[in-house]
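Secondary and tertiary structure notes
Given next are the chains, with one letter for each unit.
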Amino acid sequence: GDSVTQMEGPVTLSEEAFLTINCTYTATGYPSLFWYVQYPGEGLQLLLKATKADDKGSNKGFEATYRKETTSFHLEKGSVQVSDSAVYFCALSDLESGGSYIPTFGRGTSLIVHP
Amino acid sequence: GAGVSQTPSNKVTEKGKYVELRCDPISGHTALYWYRQSLGQGPEFLIYFQGTGAADDSGLPNDRFFAVRPEGSVSTLKIQRTERGDSAVYLCASSWTRRDTQYFGPGTRLTVL
């Protein structure tokens, strides 16, 4: 079945540092890929998505590129802020390729940014 | 309200008791989902409603779990004879249709003693 593997946290960075959170996936079809973010005390929010190979999703300074050859969708940000401290979830769904619309989530990676 | 709301935010119960968890989706959203998130894990799908009907309940772990959405808006997740292993955060999400972005509520943290 489909699965998502993301790097374990917590990831601890100083403000303005460069961020990478790795995510790789296994899927039978051609999935859509997502990053969700969960701020303390809030629900999960869609951060960005990409629906086909080589697509780049971006939002709030975060980017991720759909790499079919490496089955990866790594999240990056050039300069993190304290307000980016949250848990980040990589996810996939097969909806666009006619499969399940139910997303499969990774375990989440906690990001802690210090001033 | 503007977002998905869930009540209660925390529920502590004893093993063997019955609990109900409520979800108020965004007004007009026809699709509603329940997920369970255990500590250190991502959300796991439980059940999906399209309108009033459960279109996909393949994620419910056993027959102690049941959910309803009688008027196509508010949904209630019901757990009978709770077990300690049911302790988790239960998340609700809604979307316009199943193809659209899901909006998540803050969750209900269930603790079974």
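Provided above is the structure to which this section pertains.
Here's a quick rundown of the structure. Counting of residues starts from 1 at the beginning of each chain's written sequence and follows it residue by residue. Numbering of ligands from 1 and lettering of chains from A proceed in the order in which they are written. Confidence filtering applies because this is a predicted model: local features only for residues at pLDDT of at least 70, side-chain atom pairs given and counted only at 80 or more, and all residues used for totals across whole chains, interfaces and linings. As a rule here, side-chain values cover all heavy atoms of the structure and leave hydrogens and water aside.

**Section: the sheet that holds strand β8 (residues 62–65) of chain A**
Residues and elements named next belong to chain A. Being paired, for any two strands, means DSSP has found at least two bridges between them. Starting at the N terminus, helices and strands are each numbered in turn, a helix being any DSSP run of H or I of at least four residues and a strand any DSSP run of E of at least two. Read from one edge of the open sheet, 4 strands run β3-β9-β8-β7, paired in antiparallel fashion. With partners counted over all chains shown, the strands left at the sheet margins are β3 (19–21) and β7 (56–59), one partner each. Strand-to-strand twist of the sheet, defined as the mean angle between neighbouring strand axes without regard to direction, takes the value 20°. Helix axes use the C-alpha atoms of the stretch in contact, all axes being lines fitted to C-alpha atoms, and the angles between their N-to-C directions lie in the range 0 to 180 degrees.

**What about the interface of chain B and chain A?**
Interfaces are often sized by the amount of accessible area the parts lose when they come together. By definition, residues are in contact when any of their heavy atoms lie within 4.5 Å. Each partner contributes to the interface: chain B provides 18 residues, whereas chain A provides 16 residues. Values labelled buried area give the accessible surface lost by two parts on being combined, using a 1.4 Å probe and summing over both. With both chains or domains summed, chain B and chain A bury close to 1,500 Å², and 57% of this area falls on carbon and sulfur atoms. A per-residue breakdown of the area chain B buries against chain A is headed by Arg98, Arg99 and Phe104 of chain B, which together make up 32% of the total. A pairing counts as a salt bridge when a side-chain nitrogen of Lys or Arg comes within 4 Å of a carboxyl oxygen of Asp or Glu. Across the contact surface, chain B and chain A share 0 salt bridges. Pairs of N or O atoms within 3.5 Å make up the polar contacts considered here, provided that, within protein, one atom can donate a hydrogen while the other can accept it, and that residues adjacent in sequence are counted only when both atoms are side-chain atoms. One can count 2 residue pairs in polar contact (both at pLDDT 80 or more) joining chain B with chain A. Breaking the side of chain B that touches chain A down by element, the ones donating at least two residues are β4 (31–37) and β5 (44–50) of chain B. Among the elements that line the side of chain B that touches chain A, the one with the most residues is β4 of chain B, at 3 residues. Per-class residue counts for the side of chain B that touches chain A are 8 nonpolar, 7 polar and 3 charged. Ten residue types, Ala, Val, Leu, Ile, Met, Phe, Trp, Tyr, Cys and Pro, are classed as nonpolar, four, Asp, Glu, Lys and Arg, as charged, and the remainder, Gly among them, as polar.

**Let's talk about the pairing of strand β4 (residues 23–26) of chain A**
Residues and elements named next belong to chain A. On β4, burial follows the alternation: Cys23 and Tyr25 on one face are buried, whereas Thr24 and Thr26 on the facing-out side are not. Bridge analysis of strand β1 (residues 3–6) against β4 gives 4 bridges, and the strand direction is antiparallel. In the strand pairing of β4, Val4 is matched with Tyr25. Between buried and exposed lies partly exposed: a residue is buried under 20% and exposed over 50% of the maximum accessible area for its type, with that area taken using a 1.4 Å probe on protein chains only.

**As for the pattern of salt bridges**
Residue and element names in this part refer to chain A. Counted by the stated rule, this structure contains 7 salt bridges over all chains. When the shortest N-O distance is used, the salt bridge between Asp55 and Lys52 registers 3.4 Å. Judged by its relative accessible area of 22%, Asp55 falls in the partly exposed class. In this structure Lys52 comes out as exposed when scored by relative accessible area, which is 51%.

**Here's the deal with the nonpolar core**
Across soluble globular proteins, nonpolar side chains show a tendency to be buried alongside one another. Residue and element names in this part refer to chain A. Formed by 26 residues in total, the largest nonpolar core has its most connected members in Leu19, Trp35, Leu47, Leu48, Phe73, Leu75 and Tyr88. For this core, the secondary structure elements donating two or more residues are β2 (11–14), β3, β4, β5 (32–38), β6 (45–50), β8, β10 (86–93) and β12 (109–114). Looking at which element gives the most residues to this core, the answer is β10, with 4 residues. Think of a nonpolar core as a cluster: buried Ala, Val, Leu, Ile, Met, Phe, Trp, Tyr and Cys residues, connected wherever their side-chain atoms sit within 4.5 Å.

**Thoughts on the layout of surface pockets**
Only protein atoms enter the calculation, which uses a 1 Å grid: trapped sets of points that fit a 1.4 Å probe without letting it out are cavities, open sets showing protein on both sides within 12 Å along at least five of seven lines are pockets, and any residue with an atom within 4 Å of a point is a lining residue. Grid points are joined across faces, edges and corners, and a volume is the space filled by probe spheres set on the points. Within this model, the largest pocket holds a volume of roughly 530 Å³. In terms of lining, the largest pocket is formed by 24 residues, of which the most central are Gln38 of chain A together with Gln37, Leu39, Val89 and Arg109 of chain B. Breaking the lining of the largest pocket down by element, the ones donating at least two residues are β10 of chain A together with β9 (88–95) and β11 (108–112) of chain B. It is β11 of chain B that provides the largest number of residues to the lining of the largest pocket, a total of 4 residues. Taken together, the residues that form the lining of the largest pocket break down as 10 nonpolar, 11 polar and 3 charged.

**Some points on the sheet that holds strand β8 (residues 75–79) of chain B**
Residue and element names in this part refer to chain B. Read from one edge of the open sheet, 4 strands run β1-β3-β8-β7, paired in antiparallel fashion. The two strands at the open ends of the sheet, each matched to only one other strand, are β1 (5–7) and β7 (65–68). Each strand axis lies, on average, 15° off the axis of its neighbour in the sheet, ignoring direction. Here strand β3 (residues 19–24) pairs with β8 via 5 bridges, running antiparallel. Bridging across to β8, Leu21 finds its partner in Leu77.

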